[in-house]
Amino acid sequence: GENVEQHPSTLSVQEGDSAVIKCTYSDSASNYFPWYKQELGKRPQLIIDIRSNVGEKKDQRIAVTLNKTAKHFSLHITETQPEDSAVYFCAASNQGAQKLVFGQGTRLTINP
Amino acid sequence: NAGVMQNPRHLVRRRGQEARLRCSPMKGHSHVYWYRQLPEEGLKFMVYLQKENIIDESGMPKERFSAEFPKEGPSILRIQQVVRGDSAAYFCASSLLPVLSGANVLTFGAGSRLTVL
């Protein structure tokens, strides 16, 4: 089955700097890669996703890149703000599995 | 649209008791997923159900855990004879279609936090 590895487990950046979180996946059939943000005590919420037929997707300060050959994808947050502090999860799924397999999460802290 | 509704939000049980967690998917969604999140850990897939069918239960412990999604009413995750290790947040999520994509995303509920004393 699919296995998703996420790094780093914790990340601390200064407000205004960029943050990058990386994930690798094992199943070459995976074709959908969402990112979820979870604030303390809250539900995971989708912030951006990418399909395997696209190499990069951007939404304001958030971007995701995908390298199918290397089987890794990354989340980029620019001009970080205090409200970006949360735990971020990457995930992968494929048409056959019909479920999301999540990475272990990255606790991002934005220092004012 | 009220979103994915889970109840109870918090549940306390003593060892050996039963826990029942309920999930009503988003309106129109017929695909339900249950995930477990241990403290300071990630989301672990447990089970995927459609109405009256269990599609994938590969993440469910073999004993004490069961799930259902009846024709009428919410999906239920049932844990019998709870132990302290069952203490976790249990999240339900739903989707409109079976194949997840940018046009068919997984939406999570607020979770049910189970504490076993």
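Reference entry: report on the structure contained in this document. Being a predicted model, the structure only gives us computed values, none of them experimental. (Residues numbered from 1 in each chain as written. Chains lettered and ligands numbered in written order. Predicted model: local features only at pLDDT ≥ 70, side-chain atom pairs only at ≥ 80, totals over all residues. Heavy atoms only, no water.)

Another point: the pattern of salt bridges. Residues and elements named next belong to chain B. Evaluated as defined, the whole model comprises seven salt bridges over all chains. Measuring nitrogen to oxygen at the nearest pair gives 2.7 Å for the salt bridge that ties Arg 64 to Asp 86. Highlighted residues: Arg 64 in the loop between strand 6 (53-56) and strand 7 (65-68) and Asp 86 in the loop between strand 8 (75-79) and strand 9 (88-95), separated in sequence by 22 residues. Look at Arg 64 and you get partly exposed, because its relative accessible area is 25%. Residue Asp 86 is classed as buried on the basis of its relative accessible area of 2%. Among the charged side chains, a network of salt bridges with common partners joins Glu 18, Arg 20 and Arg 78. (Salt bridge = Lys/Arg side-chain N within 4 Å of Asp/Glu carboxyl O. Helix = DSSP H or I, 4+ residues; strand = E, 2+ residues; numbered from the N terminus. Buried < 20%, exposed > 50% of the residue type's maximum accessible area, 1.4 Å probe, protein only.)

Our next topic: the side chain of Gln6(B). All names here are of chain B. Inspection of the secondary structure puts Gln 6 in strand 1 (residues 5-7). You can call Gln 6 buried: its relative accessible area is 7%. Among the polar contacts listed, one links the side chain of Gln 6 to the backbone nitrogen of Cys 92, at a separation of 2.9 Å. There is a polar contact of 2.9 Å between the side chain of Gln 6 and the backbone nitrogen of Gly 111. Contact partners of Gln 6, with chain neighbours within four places excluded, come to Arg 22, Cys 23, Trp 34, Tyr 90, Phe 91, Cys 92, Gly 109, Ala 110, Gly 111 and Ser 112. (Polar contact = N/O pair within 3.5 Å; in protein donor to acceptor, adjacent residues only side chain to side chain. Contact = heavy atoms within 4.5 Å.)

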